[in-house]
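Listed below, chain by chain, are the residues.
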Amino acid sequence: MSNLVSIIIPVYNAEKYLRECLDSVLTQSFDCFELLLINDGASDLSGKICDEYAEKDPRVKVLHKENGGVSFARNMGIDKASGNLIVFIDSDDFVEPNFLENLLSDATNSDLVIAGINKIKKDQSVTSFNFPNQLVDVSEKKIYLEDYPLSDYGYPFSKLFKKDILDRHHIRFIEDVHMFEDVLFLFEYLKFCDKIKFNDKSLYNYVIAEGESLSTKVNSFESEYLSFITFYNQIVDDFKITIPQLINDFPKLGYRLTRLMNRSISTIYIKDYPTEKTILALYNYPKNAWILYNVFNKPSNIIKKWSKILLVKNMFRSANFLLRISYKLFK
């Protein structure tokens, strides 16, 4: 069906928020959609709640699976989707009644629709993030990467994707990456966009769950490095943005890349990897990446400042010695 929207919601231990989320979807002013609930091995009542809603509304389809992570669940949703348009919603969030109608109003002449969000903190305070309302031709220019810092707004929700682009170019979430995977997905999709519609309305309510923060979670070095190197290759190889351009014309992207690089390096020492494995890992970073590291990384203490100098000079053994000291002294 050409007018069918597939809404994908990964569900994992979300019983506290799930009913509000599902009710907000099923009462949309635009009702021609299928709702795919991917129960990612929830150990609470989430799975039963999903089945309950499927019994009441034929638009709801439930897929139960063993726990594999949000990327795996979203990919399953994409694979099973029947619609030609894809919308992602998180199970602890909720949307306003005209959320879908608003996104669809901009879908005809664009490859991607990006709308704003309302960020709701645990004290119930709300901060809205909006974009200027305009259609941007991105077929021959990359200015949107800096004017609209999509590396900071790379979340998959409050966006409208085309299923045809996802399938034709085999675009899926990287299941071995556990941080920044949403931005990597978005930038892979951006490679095949000619027109992006930025919508100035904020009708998606992003609820910050108490005690949850993926940004502070320490994953394996391999996962963190894969996140960095994938984004680095997307920017440098796919978008053809040079290191000098990242420094002078796209500093927000350069800073973001450096943050990912610094985070992956930090993981080596937080996980206390052996010296030889550490040295090999440091050698594997692209040589040009150290130029960005020199410009955008701001060391937090004097030991890291000296280690930065050594890293930029590719004196990895000496840098490793100082960094191990730093992470023991400044935990």
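The following paragraphs examine the structure supplied in this document. (Residues numbered from 1 in each chain as written. Predicted model: local features only at pLDDT ≥ 70, side-chain atom pairs only at ≥ 80, totals over all residues. Heavy atoms only, no water.)

**Some details on the overall build of the protein**
Scanning the protein from terminus to terminus reveals 14 helices and ten strands. Here the C-alpha atoms of the protein give a radius of gyration of 21 Å, agreeing with the 20 Å that 2.2 N^0.38 yields for 331 residues. The 331 residues of the protein split such that 53% are buried. The contacts of the protein with a sequence gap of at least 6 include a subset with a gap of at least 24, amounting to 80%. For the protein, the computed accessible surface area is about 15600 Å², with 51% contributed by carbon and sulfur atoms. Considering the protein, the positive charge centre built from 41 side chains and the negative charge centre built from 44 side chains are found 9 Å apart. (Helix = DSSP H or I, 4+ residues; strand = E, 2+ residues; numbered from the N terminus. Rg over C-alpha atoms; globule rule 2.2 N^0.38 Å. Buried < 20%, exposed > 50% of the residue type's maximum accessible area, 1.4 Å probe, protein only. Contact = heavy atoms within 4.5 Å. Areas by Shrake-Rupley, 256 points an atom, 1.4 Å probe, with all protein chains shown as cover. Lys, Arg positive; Asp, Glu negative; His and termini not counted. Charge placed at Lys NZ, Arg CZ, Asp CG, Glu CD.)

**Observations regarding the environment of I117**
Locating I117 in the fold gives a position in strand β6 (residues 112–120). Given a relative accessible area of 2%, I117 falls into the buried group. In the structure, I117 is positioned 14 residues away from F131 in sequence and 9.7 Å away in space, judged by C-alpha atoms. In contact with I117, other than residues within four places in its own chain, are T127, S128, F129, Y155, F157, S158, S202, Y204 and Y206.

**Things to note about helix α13 (residues 302–312)**
The complete set of buried residues in α13 reads I303, S307, K308, L310 and L311. Relative to the axis of α13, the buried residues are bounded by an arc of 165° and lie together on one face. Of the exposed residues in α13, those oriented more than 90 degrees away from the buried face are I302 and W306. In this fold, the buried residues of α13 make contact with α11 (275–283), α12 (289–296) and α14 (316–329). Between a side-chain oxygen at the N-terminus of α13 and the backbone nitrogen of I303 the separation is 3.1 Å; the capping residue is N301. Two residues or fewer after α13 comes N314, characterised by a positive phi angle close to 60°. (Arc of directions from axis to C-beta. Polar contact = N/O pair within 3.5 Å; in protein donor to acceptor, adjacent residues only side chain to side chain.)

**As for the environment of A281**
Mapped onto the fold, A281 is located in helix α11. On the basis of relative accessible area, A281 is assigned to the buried category, the value being 8%. Each C-alpha atom of the pair A281 and I302 lies 23 Å from the other, and the pair is 21 residues apart in sequence. Setting aside chain neighbours within four positions, we find A281 in contact with F221 and I268.

**Regarding the packing of α12 against α13**
Contact geometry for α12 and α13: axes closest at 9 Å, N-to-C directions at 155°. By the angle class used here, α12 and α13 are roughly antiparallel. For the element pair α12 and α13, the recorded crossing hand is left-handed. Side by side, α12 and α13 meet where W290, Y293 and N294 of the first sit next to K308, L311 and V312 of the second. In terms of residue class, the contact of α12 with α13 is built from four nonpolar, one polar and one charged. (Axes fitted to C-alpha atoms, helices over the stretch in contact; angles between N-to-C directions. Parallel < 35°, antiparallel > 145°, perpendicular 65-115°, else oblique. Left-handed = near helix turned anticlockwise from the far one by under 90°. Nonpolar A, V, L, I, M, F, W, Y, C, P; charged D, E, K, R; others polar.)

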